[in-house]
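Now for the letters of each chain:
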Amino acid sequence: MKKLLLIPILSILILTGICAQSGLLTVAEQSDYTSTATSREVNAFISQLAAGSGICRVDTLAITVTGEPVLLLVIADPLPASPEALHNDERTVVYIQANIHAGEVEGKEASLILARELTGPDAGNWLKNLIVLICPNLNPDGNDRISTRNRTNQNGPKNGVGIRYNAQNLDLNRDAMKLETPEMIGVVKNVLNRWDPAVTVDCHTTNGSFHEEPVTFTWMMNPNVDTSLIHYMRDIMMPRVAAVLREKYNVDNCFYGEFVDMTKPDLGWEMAGPEPRYFDNYVGLRNRLAILNENYVYADYRTRVLGCHKLLLSILEYASAHRNEIRQLLQQADKAVMGRGLHPSVIDSFAIGFRVQPTPEKITIKAFEVEETGDTLFWKKYRKTDRKVTVTVPYLADYVPSVSIRFPYAYLLQVQDPVFAEYLQIHGIEVEKLACDQELEAEMFTMDKIIPSRRLNQGHYTNTISGKYAKEKMIFHAGTWVVRTAQPLANLAAYILEPLSNDGMAVWNKFDRYLVPQWGLGYYPYPVYRVLEKTELKTMREAPSNSPRGGE
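From a predicted model like this one, the values you see are computed outputs, not experimental measurements.

Asks: Explain the overall build of the chain to me, please; I cannot follow it from the model alone.
Replies: If you tally the helices and strands in the chain, you get 13 helices and 21 strands. The C-alpha radius of gyration of the chain comes to 24 Å, within 12% of the 24 Å expected for a compact globule of 552 residues. With the C-alpha coordinates of the chain rotated into their principal frame, the extents come out at 70 × 55 × 45 Å. When burial is assessed residue by residue, the chain has 59% of its 552 residues classed as buried. Relative to all contacts within the chain whose residues are 6 or more apart in sequence, the contacts with residues 24 or more apart total 79%. Of the roughly 22,800 Å² that the chain leaves accessible, carbon and sulfur atoms contribute 50%. Computed over 57 positive and 64 negative side-chain charges, the inter-centroid distance for the chain is 2 Å.

Asks: It is not clear to me how the nonpolar core should be interpreted in this structure. Could you clarify?
Replies: Generally speaking, nonpolar side chains in soluble globular proteins are found buried as a group. The biggest cluster of nonpolar side chains holds 155 residues, and the ones touching the most others in it are L61, F217, M237 and L289. At 10 residues, the largest contribution of residues to this core is made by helix α10 (residues 301-321). For L289, the residues in contact, after removing those within four places along its chain, are A198, V199, T200, M220, L229, Y232, M233, M237, V283, I326, L329 and L330. Counting 13 residues, the second-largest nonpolar core is a separate cluster that includes A410, L434, A442 and L537.

Asks: When you look at the packing of aromatic side chains in this model, what are you seeing that I'm missing?
Replies: Tallied over the full model, the rule gives 18 aromatic pairs. Taking 4.9 Å as the distance between ring centres and 25° as the angle between the ring planes, the aromatic pair formed by F210 and Y298 counts as stacked. Taken as a pair, F210 in the loop between β5 (199-205) and β6 (215-219) and Y298 in the loop between β10 (289-295) and α10 lie far apart in primary sequence, 88 residues in all. The class for Y298 is partly exposed, based on a relative accessible area of 28%.

Asks: Please explain the environment of L424 as it appears in this structure.
Replies: As for its position among the elements, L424 is in helix α12 (residues 418-426). On the basis of relative accessibility, which here comes to 1%, the residue L424 falls in the buried class. Sequence spacing of L424 and L492 is 68 residues, and the spatial spacing of their C-alpha atoms is 9.7 Å. With residues up to four places along the chain from it excluded, the contact list for L424 reads L413, I429, V431, V483, I496 and L497.

Asks: Can you walk me through the sheet that holds strand β7 (residues 253-255) in this structure?
Replies: Working definition: the strands of a sheet are paired by backbone hydrogen bonds and lie parallel or antiparallel to each other. Across the sheet, 8 strands lie side by side as β1-β2-β4-β3-β5-β10-β6-β7; this open sheet has mixed pairing. Whereas interior strands pair on both sides, the edge strands pair on one side only; in this sheet they are β1 (56-63) and β7. Sheet twist, expressed as the mean angle between neighbouring strand axes with direction ignored, is 20°. Across 7 bridges, β5 lies against β10 in parallel orientation. Bridge pairing in β10 links H204 to E294. Across the sheet, helix α7 (residues 182-195) touches β1, β2 (69-75), β3 (92-97), β4 (130-135) and β5, and the angle it forms with β1 is around 135°. The sheet contacts of helix α8 (residues 227-247) involve β5, β6, β7 and β10, and relative to β6 the element is tilted by about 160°.

Asks: When you look at the pattern of salt bridges in this model, what are you seeing that I'm missing?
Replies: Once their charged atoms are close, side chains differing in charge can pair, the charge on each being opposite to the other. This model, assessed by the stated rule, comprises 29 salt bridges. Among the salt bridges present, the one from E104 reaches R164, with a minimum N-O distance of 3.6 Å. In this pair, E104 sits in the loop between β3 and α4 (106-118) while R164 sits in the loop between α6 (140-143) and α7, placing the two residues 60 residues apart along the sequence. The class of E104 is buried, set by a relative accessible area of 2%. Each of E104, R151, R164, D171 and R174 takes part in one network of salt bridges that share partners.

Asks: Any chance you could explain the side chain of T205 here in plain terms?
Replies: The residue T205 is located in strand β5 in this model. When its relative accessible area of 1% is taken as the criterion, T205 is described as buried. Among the polar contacts made by the side chain of T205, one reaches the side chain of E106 at a distance of 2.6 Å. Once residues within four sequence positions are removed from consideration, T205 is found in contact with E104, V105, E106, R151, Q154, E294, N295, Y296, V297 and R304.

Asks: Where do I start with the sheet that holds strand β8 (residues 258-259) in this structure?
Replies: Spatially, the 4 strands line up as an open sheet ordered β8-β9-β14-β11, and their pairing is mixed. Among the strands making up the open sheet, the edge pair consists of β8 and β11 (349-358). Here strand β9 (residues 269-270) runs beside strand β14 (residues 395-406); their pairing, made up of 2 bridges, is parallel. The partner of W269 across the bridge, within β14, is Y395.

Asks: How do you make sense of the environment of L312 when you look at a structure like this?
Replies: Here L312 lies in helix α10. Since its relative accessible area comes to 1%, L312 is described here as buried. Put simply, L312 and I96 are 216 residues apart on the chain and 8.3 Å apart in space, counted from C-alpha to C-alpha. Look past the residues within four positions of L312 in its chain and what remains in contact with it is I96, A110, S111, L114, V201 and C203.

Asks: Please explain the confidence of the model for the chain as it appears in this structure.
Replies: The predicted coordinates of low-pLDDT regions are not to be read in fine detail. In this model, the chain carries an average pLDDT of 93, and 93% of its residues clear a pLDDT of 70 or more. This model gives residues 1-21 a pLDDT under 50, and the stretch forms 33 contacts once residues within four places in sequence are excluded.

Asks: Could you clarify how one ought to interpret the packing of helix α3 (residues 39-50) against α4 in this entry?
Replies: Each pair of packed helices can be described by the angle between their axes along with the distance between the axes. At a minimum axis separation of 10 Å, α3 and α4 run at an interaxial angle of 10°. When the interaxial angle is binned, α3 and α4 end up roughly parallel. Contacts between α3 and α4 pair V42, F45, I46 and L49 from the former with K108, L112, A115 and R116 from the latter.

Asks: In this structure, what is going on with α10? I would like to understand it.
Replies: Residues that lie three or four places apart on an α-helix share one face, since the helix turns once every 3.6 residues. Taking 1.5 Å per residue, 21 residues should reach 30 Å; α10 reaches 30 Å between its end C-alpha atoms and fits that length. The buried count for α10 comes to 16 of 21 residues, which makes it a mostly enclosed element. N-cap assignment for α10: the residue whose side-chain oxygen lies 3.2 Å from the backbone N of R302 is D300.

About the criteria used
Residues numbered from 1 in each chain as written. Predicted model: local features only at pLDDT ≥ 70, side-chain atom pairs only at ≥ 80, totals over all residues. Heavy atoms only, no water. Helix = DSSP H or I, 4+ residues; strand = E, 2+ residues; numbered from the N terminus. Rg over C-alpha atoms; globule rule 2.2 N^0.38 Å. Buried < 20%, exposed > 50% of the residue type's maximum accessible area, 1.4 Å probe, protein only. Contact = heavy atoms within 4.5 Å. Areas by Shrake-Rupley, 256 points an atom, 1.4 Å probe, with all protein chains shown as cover. Lys, Arg positive; Asp, Glu negative; His and termini not counted. Charge placed at Lys NZ, Arg CZ, Asp CG, Glu CD. Core = buried A, V, L, I, M, F, W, Y, C linked by side-chain atoms within 4.5 Å. Phe/Tyr/Trp six-rings, centres within 6.5 Å; stacked < 30°, edge-to-face > 60°. Pairing = 2+ DSSP bridges. Axes fitted to C-alpha atoms, helices over the stretch in contact; angles between N-to-C directions. Salt bridge = Lys/Arg side-chain N within 4 Å of Asp/Glu carboxyl O. Polar contact = N/O pair within 3.5 Å; in protein donor to acceptor, adjacent residues only side chain to side chain. pLDDT = per-residue confidence, 0-100. Parallel < 35°, antiparallel > 145°, perpendicular 65-115°, else oblique. Expected span 1.5 Å × (residues − 1).

Rendered as structure tokens:
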């Protein structure tokens, strides 16, 4: 497959020379749902779809560390020449991503079936209102390590699946904040920053509780996401998508989660993991709508593929029918973030601690009674019985702040290494420099303690930091990096830069060399300072962001 790199995508299409047609089948379909596609087979399929098509183009989203291309399908009628051509385009951009965990393969197959439909004669009216981006195989290196020994608890395909991690042995769905993989860097730079999709879908397979519903899904939940977006997903969009999926497509479904205690379902159905290292929550911090799809691991492979496909159709139908409503909602969220940054107030806050509480409505799960069979190092093991039980229980999915700090007017980085500005700019965050020395009143964070994790997490001994803020006047020199919060990605910037954030640069060791002296005890001040009040900052733009939503 590495030889493919020597051939431009256009040449692949010419060499393939096969027009997309209704007879083109996925590997899942060809094998009667006993196999899943290799990366070569995925690339051949989408190349055939694009060959001779005026409404489909194949772009390269990223190149993996082994040299494999990660391909992105752009489907639109008419096709925009580039994302920059969308400035006055009222169509909604939807991004569908699959195989981030390459053992969880039905999203890959379902998204290929969807792409075939969207480029075929029966595409319907979707492309009148939508531009659809599809990355069916985000993790090609993990995908091609197919074995029947992978995910042995999963009900098919019987000929095996890939592995969870990429070739760096990193989990792509823990990399949205730290950005250490070319695959996730490619998604952020070449999809989120360039195309700015209003809606994203990330396809997975469950690992948890026993139930009958073959398709589950949920929405972004971090408490620093604009609450109007969370409530829209929770109260309007997701319930309507669920109803269409159930009533129109006859696919039973429920919102994603796991029982707090499988033997006591009345305790609730919980959606864990609100941190933005998870892709859906990361997208939410960027003021966009994100859907996490988790298909039921114990449902058979055919049912999972077809159920996922119908979910994707249901989402596209909603996004198409409500495109104006979605656009207005996102514009209002962006405007609110910009307004807060321009005129900060003592009531504007950022959550550094949070707790979960039930959503306003309970949810119904078609569950099975279970029996405990033993313990592992990390969790208890259960066996599903044949006894079915339908329960209506609290959905523990509303994360709310428990500890908050004031949201600042700007952040100042007291480090000279350009790698930090480059890292922020990859995220799409606007970075400036002080044009001259300035005396400013700012908050400095002094650390009492840094505690590394006892166990490696994604190659890191992640930090837990404690300390306190104190205001003082000091001279900040010309060249100091400045990140204003009057920009659309301010929530993301705060999450990255705050020392007490649970998923920022401090957690992922990016500042470690600047935190302690090489000799002696104690700690240096945290190298990010907070300007709380609106202040005249004499700055110059460091470099243009590649985000279409850059601050004014």
